[in-house]
Amino acid sequence: METFDPTELPELLKLYYRRLFPYSQYYRWLNYGGVIKNYFQHREFSFTLKDDIYIRYQSFNNQSDLEKEMQKMNPYKIDIGAVYSHRPNQHNTVKLGAFQAQEKELVFDIDMTDYDDVRRCCSSADICPKCWTLMTMAIRIIDRALKEDFGFKHRLWVYSGRRGVHCWVCDESVRKLSSAVRSGIVEYLSLVKGGQDVKKKVHLSEKIHPFIRKSINIIKKYFEEYALVNQDILKNKESWDKILALVPEIIHDELQQGFQKSHNSLQRWEHLKKVASRCQNNIKNDKYGPWLEWEIMLQYCFPRLDINVSKGINHLLKSPFSVHPKTGRISVPIDLQKVDQFDPFTVPTISFICRELDAISINEEEKEENEAESDVKHRTRDYKKTSLAPYVKVFEHFLENLDKSRKGELLKKSDLQKDF
């Protein structure tokens, strides 16, 4: 994928919001079938404009209102907030304390920078194929738990456009959850604890929760290639010292000796597993827990969630189909059937899809302009002519499932009423 020039962004955004942004699907999502009166109208949007000008508490009457405003403002970034008790754009006119966030999707934000202590290939905002596997494992682990442990049906995973992923859980019952319940869910999904100064961040006890066992099973599928080959976590003394800090001192000497004799991370890991299992049999000590190698695997591979993003109902999160101003990449939905194949480096940039649009024959454009056809019709075809199309399709599939379950709920309610 070609390079992106940030100086071109203002012009590219004009074209993107005029011809490529999937407004009808976007509105269909956030309107949730129009079942609840004023649901869309009470939703907060925030726009970040050029030069970091930040506008909160935007709200819109309908799809056309949203389109006009986005095409007028051409935001560099769009964030979605909560559904409030009143229209957010009128929040200043509401009696103090009455303007309250009432509902929002349960959201998760996983950012690669939170793994800097355990990745050797990149740091801060940089990512590469060697560390992207962390995001693949995070999606697999969190999504499995949301679906199987909590029974949440409607989960939209989105690439952030740069170095992370977001998840929107959109079930009707989930959107109503209190902040306390959201905190409980994130707590359940969090295992890696402690800041930069804390060396050992995972502590397992004698009784291993099924969630941890299932997460370990997912990590096992990736661990050898990801951690031992690509990250080479036992490459040299400097890297294996980090791992020694996670195991009881009583086995340090034996591990060191074996590490020095071994030739690579794969051999050193095998040695560690042997020593650890012997240690577990010999030391009946709860402090270390029986699963030394699991603790290491979890510390190096388990998802690291930004807890505050998930627990606050009024917390804003970057919108799907927003453009990342630094990379130019679109925040696209991720197909859960193809998580392993998802490659952030092949996600289209705004410059790439705008160029694809320009490449469509001028004749076709002139013909369309001459026919007095509605702009909406024109645009629904436009994104389909670009690399954005397959990602909009993933989004549409997600929306179809939402619609189906909404219709199912309505049928259930009408059947119940008939029973009386």
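Going by the annotation in an unreviewed UniProt entry, the name recorded for the chain is DNA primase, with Mandrillus leucophaeus given as the source organism. On record in UniProt, under Catalytic activity (unreviewed entry), the comment for the chain is "ssDNA + n NTP = ssDNA/pppN(pN)n-1 hybrid + (n-1) diphosphate." Its UniProt record, at the heading Sequence similarities (unreviewed entry), says of the chain: "Belongs to the eukaryotic-type primase small subunit family."

What follows is about the environment of valine 169. Looking at the element boundaries, valine 169 is found in strand 7 (residues 164-169). Residue class for valine 169 comes out buried when judged on its relative accessible area of 0%. On a C-alpha basis, the gap between valine 169 and phenylalanine 108 in space is 8.6 Å, while along the polypeptide they are 61 residues apart. Apart from residues no more than four positions distant in its own chain, valine 169 is found in contact with Glu105, Leu106, Phe108, Leu146, Phe152, His154, Arg155 and Val174.

A few words on the packing of helix 4 (residues 129-149) against helix 7 (residues 210-230). Where helix 4 contacts helix 7, the axes come no closer than 10 Å and their chain directions differ by 170 degrees. When the interaxial angle is binned, helix 4 and helix 7 end up roughly antiparallel. Contacts between helix 4 and helix 7 involve Lys130, Cys131, Thr133, Leu134, Thr136, Met137, Arg140, Ile141, Arg144, Ala145 and Asp149 from the former and Phe211, Lys214, Ser215, Ile218, Ile219, Tyr222, Tyr226 and Asn230 from the latter. Of the residues belonging to the contact of helix 4 with helix 7, the class tally is 10 nonpolar, four polar and five charged.

By the definition in use, this model includes 25 salt bridges. Here lysine 77 and aspartate 79 are joined by a salt bridge, their closest N and O atoms 3.1 Å apart. Taking relative accessible area as the criterion, lysine 77 reaches 27% and is therefore assigned partly exposed. Judged by relative accessible area, which is 5%, aspartate 79 ranks as buried. Among the ionic pairs, aspartate 382 bridges to lysine 385, the shortest N-O distance being 3.3 Å. What makes aspartate 382 buried here is its relative accessible area of 0%. Look at lysine 385 and you get partly exposed, because its relative accessible area is 29%.

Conventions adopted
Residues numbered from 1 in each chain as written. Predicted model: local features only at pLDDT ≥ 70, side-chain atom pairs only at ≥ 80, totals over all residues. Heavy atoms only, no water. UniProt positions renumbered as here; feature names shortened; annotations may be inferred. Helix = DSSP H or I, 4+ residues; strand = E, 2+ residues; numbered from the N terminus. Buried < 20%, exposed > 50% of the residue type's maximum accessible area, 1.4 Å probe, protein only. Contact = heavy atoms within 4.5 Å. Axes fitted to C-alpha atoms, helices over the stretch in contact; angles between N-to-C directions. Parallel < 35°, antiparallel > 145°, perpendicular 65-115°, else oblique. Nonpolar A, V, L, I, M, F, W, Y, C, P; charged D, E, K, R; others polar. Salt bridge = Lys/Arg side-chain N within 4 Å of Asp/Glu carboxyl O.

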